[in-house]
Amino acid sequence: MNILFTTALIIAAATSLVHAQEGQVRLSPPEINGLASVNAGAGTSGVNGIQTRTLKGDASKLGIYTIQLTIPAGVRIQAHTHPDDRVATVISGTWYIGYGSKFDESKLKPLTAGSFYTEPPSVAHFAKTGNEPVVLQITGNGPTGTEYIAAGTASVPAKPNYDSLFANVNGVRIHYLKSGSGKTPLVLIHGFGDDARMWLPLFADFGKDYTIIAPDLRGLGQSSREKTGYDKKTAAVDIHELVKSLGYKDIYLVGHDIGMMVAYAYAAQFPSEVKKLALLDAPIPGVGDVWEKIYTTPALWHFHFVNSPMALELVNGRERIFLEHVWQSFGGDLSKFREEEKRMYAQGYAQPGVMRDAFEYFKAFEPTDAADNRNFAKTKLPMPLLVIEGEKGMNGVLAIQAALISDHVKAIKFSSGHWLMEEKPAETSAALKDFFGN
């Protein structure tokens, strides 16, 4: 009898061990980012644009599940309940959540990264995001579901004008924002110190006439971290492959800062596919005698700082300070650059590996980008080219370089600094609309 009992214990223990091993999951942030995502999957409030990744289990079935949600900026979620007991942690961004059967702004509590909250079964709650996306991690005991307290309130974002999507192209996982319903693709490429969200103010103005594609460059934002490929020619191929994967060919193209360099490399490599090009406030490495003066200007010391073996160590944990230096040094009226935007970008660049990848873009200026661009400049661009600069930014120097790569240049200068979308959003939008509309 004792032998049988002991044997039974051994079998039970072995079975338990196997089940425990089967349930073991270890996922690093890059591995989580590599998981497939679906739009407004099970366990969400059903708002279009919310991206759902399943980390464990199945929220639609019986049993424990864990899901990670990425909620776009500007979303308002009306009061609703879930049948299961859920707990949640804020991974990034600021999440505003309150309890009650009706959305009440005064009852919302802002929860920043690292915060914890509960969603008890059948307890009504409501939430919103501010001007930045939010990532949540939720664990519950499925099957789950969502029931709105008032009929017809199921997913009414405050600004439901874009989708947050991913594509695997050119060996890279590219995150991009897509907005608008027009026939003409308008591709917008961000630079250093921000990400694809810098273009959000343009989405409403351009959405009726264009389909907007605003990617995060490789290594930045929510795109995958890569060891190599930070020369602008390669980064341009990433975006070109993304455009192709979406079924487009002929595009209008805009780039700012490092994104401007990528936009030029795109237009130079695929000139017949770029119908109009806008380059916003940054130099073009290697083009003209002026490049050497730009590259060695003391004010641009960060071009060279990135080559120090201690650069990343010095910036680690001080990402906001470093970005603040860049924002202030090259800005004009920084009262237009909102604190919530700065905080949003600083959180993005504080993600593991992002600042390292950002520095790789600077390291590529010389000799790689400069050599590529000198070769590109041997053939002038055929499409109309718009240059927009700030007086406290490039102040006409980009127009000088533009004249060396194109015979079809229109140059505009604003009384601003480098950060055109933050300092002069209406004026920048109007200039682009006029250029692309004529």
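This section reports on the structure supplied with the text. (Residues numbered from 1 in each chain as written. Predicted model: local features only at pLDDT ≥ 70, side-chain atom pairs only at ≥ 80, totals over all residues. Heavy atoms only, no water.)

The next thing to look at is the overall build of the chain. Scanning the chain from terminus to terminus reveals 15 helices and 19 strands. In terms of overall dimensions, the chain is globule-like: its C-alpha atoms have a radius of gyration of 24 Å, near the 22 Å expected for 438 residues. Summarising its shape, the C-alpha atoms of the chain cover approximately 90 × 55 × 40 Å along the three principal directions. The buried share of the chain, taken over its 438 residues, is 52%. Counting only contacts in the chain whose residues sit at least 6 apart along the sequence, the fraction spanning at least 24 positions is 71%. Of the accessible surface of the chain, which amounts to about 19000 Å², a share of 55% is contributed by carbon and sulfur atoms. (Helix = DSSP H or I, 4+ residues; strand = E, 2+ residues; numbered from the N terminus. Rg over C-alpha atoms; globule rule 2.2 N^0.38 Å. Buried < 20%, exposed > 50% of the residue type's maximum accessible area, 1.4 Å probe, protein only. Contact = heavy atoms within 4.5 Å. Areas by Shrake-Rupley, 256 points an atom, 1.4 Å probe, with all protein chains shown as cover.)

This part covers the sheet that holds strand E4 (residues 76–81). Pairing between the strands of a sheet is mediated by backbone hydrogen bonds and can be parallel or antiparallel. If you walk across this open sheet you meet the five strands as E7-E6-E9-E4-E11, and the pairing is antiparallel. The two strands at the open ends of the sheet, each matched to only one other strand, are strand E7 (109–111) and strand E11 (147–148). As paired elements, E4 and strand E9 (residues 125–129) share three bridges and run antiparallel to each other. Its bridge partner being in E9, Ile 77 is matched across the sheet by Ala 127. (Pairing = 2+ DSSP bridges.)

So, on to the pattern of salt bridges. Within the structure shown, the criterion is met by 19 salt bridges. A salt bridge links Glu 324 to Arg 320; the shortest N-O distance between them is 3.0 Å. Taken together, the positions of Glu 324 and Arg 320, both in helix H9 (residues 319–329) and four residues apart, correspond to about one turn of that helix. Close ionic contact of Lys 342 with Glu 324 constitutes a salt bridge, the shortest N to O distance being 2.9 Å. Here Glu 324 lies in helix H9 and Lys 342 lies in helix H10 (residues 339–349), a separation of 18 residues in the sequence. Owing to a relative accessible area of 8%, Lys 342 belongs among the buried residues under this scheme. Glu 324 sits in the buried class, given a relative accessible area of 14%. Here the salt bridges share partners, and the residues they tie into one network are Arg 320, Glu 324, Glu 339, Lys 342 and Arg 343. (Salt bridge = Lys/Arg side-chain N within 4 Å of Asp/Glu carboxyl O.)

Strand E3 (residues 63–71) sits mainly inside the fold: seven of its nine residues count as buried. Where strand E2 (residues 51–56) folds back on E3, the antiparallel hairpin that results is connected by six residues, among which Gly 57 adopts a positive phi of roughly 75°. In terms of strand pairing, E3 meets strand E10 (residues 134–142) through nine bridges, oriented antiparallel. Residue pairing for E10: Leu 69 is matched across the bridge by Leu 136.

With 102 residues, the main nonpolar core has Phe 192, Trp 199 and Leu 277 as its most contacted residues. For this core, the leading source of residues is helix H5 (residues 258–269), giving nine residues. Residues contacting Trp 199, with those up to four places away along its chain left out, are Leu 188, Ile 189, His 190, Ala 214, Val 254, His 256, Leu 280 and Met 421. In this structure, Ile 67, Val 75, Val 90 and Leu 111 belong to the second largest nonpolar core, which totals 20 residues. (Core = buried A, V, L, I, M, F, W, Y, C linked by side-chain atoms within 4.5 Å.)

For the rest of this paragraph, the subject is unusual backbone geometry. The step from Glu 366 to Pro 367 runs through a cis peptide bond, and the omega angle for that step is 0°. Within the fold, Pro 367 resides in helix H12 (residues 365–376). Not every positive phi belongs to a glycine, and Asp 257 is a case in point at roughly 60°. The topology assignment puts Asp 257 in the loop between strand E16 (251–256) and H5. Unlike most non-glycine residues, Asn 395 shows phi in positive territory, near 55°.

This brings us to the sheet that holds E3. Strand order across the open sheet formed by six strands is E1-E2-E3-E10-E5-E8, with antiparallel pairing between neighbours. The sheet is open, and its two edges are formed by strand E1 (38–39) and strand E8 (116–119), each paired on a single side.

On to the side chain of Thr 44. You can see Thr 44 is positioned in the loop between E1 and E2. Setting aside its immediate chain neighbours within four residues, Thr 44 contacts Ile 50, Thr 52, Leu 69, His 82 and Thr 146.

The next thing to look at is the packing of aromatic side chains. Summed over all chains, the structure comprises 26 aromatic pairs. With centroids separated by 4.8 Å and ring planes inclined at 10°, the aromatic side chains of Tyr 252 and Phe 436 adopt a geometry described as stacked. Of this pair, Tyr 252 sits in strand E16 while Phe 436 sits in helix H15 (residues 425–437); the two residues are 184 residues apart in sequence, bridging distant segments of the chain. A relative accessible area of 15% places Tyr 252 in the buried class. Judged by centre distance (5.0 Å) and plane angle (80°), the rings of Phe 303 and Phe 365 are edge-to-face. Pair noted here: Phe 303 is in helix H7 (residues 302–305) and Phe 365 is in helix H12, with a separation of 62 residues, a long-range link. (Phe/Tyr/Trp six-rings, centres within 6.5 Å; stacked < 30°, edge-to-face > 60°.)

In this section: the environment of Ile 294. In this fold, Ile 294 is placed in helix H6 (residues 290–295). Note: C-alpha distance between Ile 294 and Pro 283 (11 residues apart in sequence) is 7.7 Å. Beyond its immediate chain neighbours, meaning those up to four positions away, Ile 294 contacts Pro 283, Leu 300, Met 394, Val 397 and Gln 401.

With that out of the way, let us pick up the environment of Ile 77. Here Ile 77 is to be found in strand E4. Of the residues examined, Ile 77 reaches a relative accessible area of 4% and is grouped as buried. Ile 77 sits 128 residues away from Asp 205 along the chain, and the two C-alpha atoms are 24 Å apart.

This part is about H5. In this model H5 runs 17 Å from its N-terminal to its C-terminal C-alpha over 12 residues, within 8% of the 16 Å that 1.5 Å per residue would give. Burial within H5 is extensive, with 10 of its 12 residues counted as buried. For H5, every residue scored as buried is listed here: Ile 258, Gly 259, Met 260, Met 261, Val 262, Ala 263, Tyr 264, Ala 265, Tyr 266 and Ala 267. (Expected span 1.5 Å × (residues − 1).)

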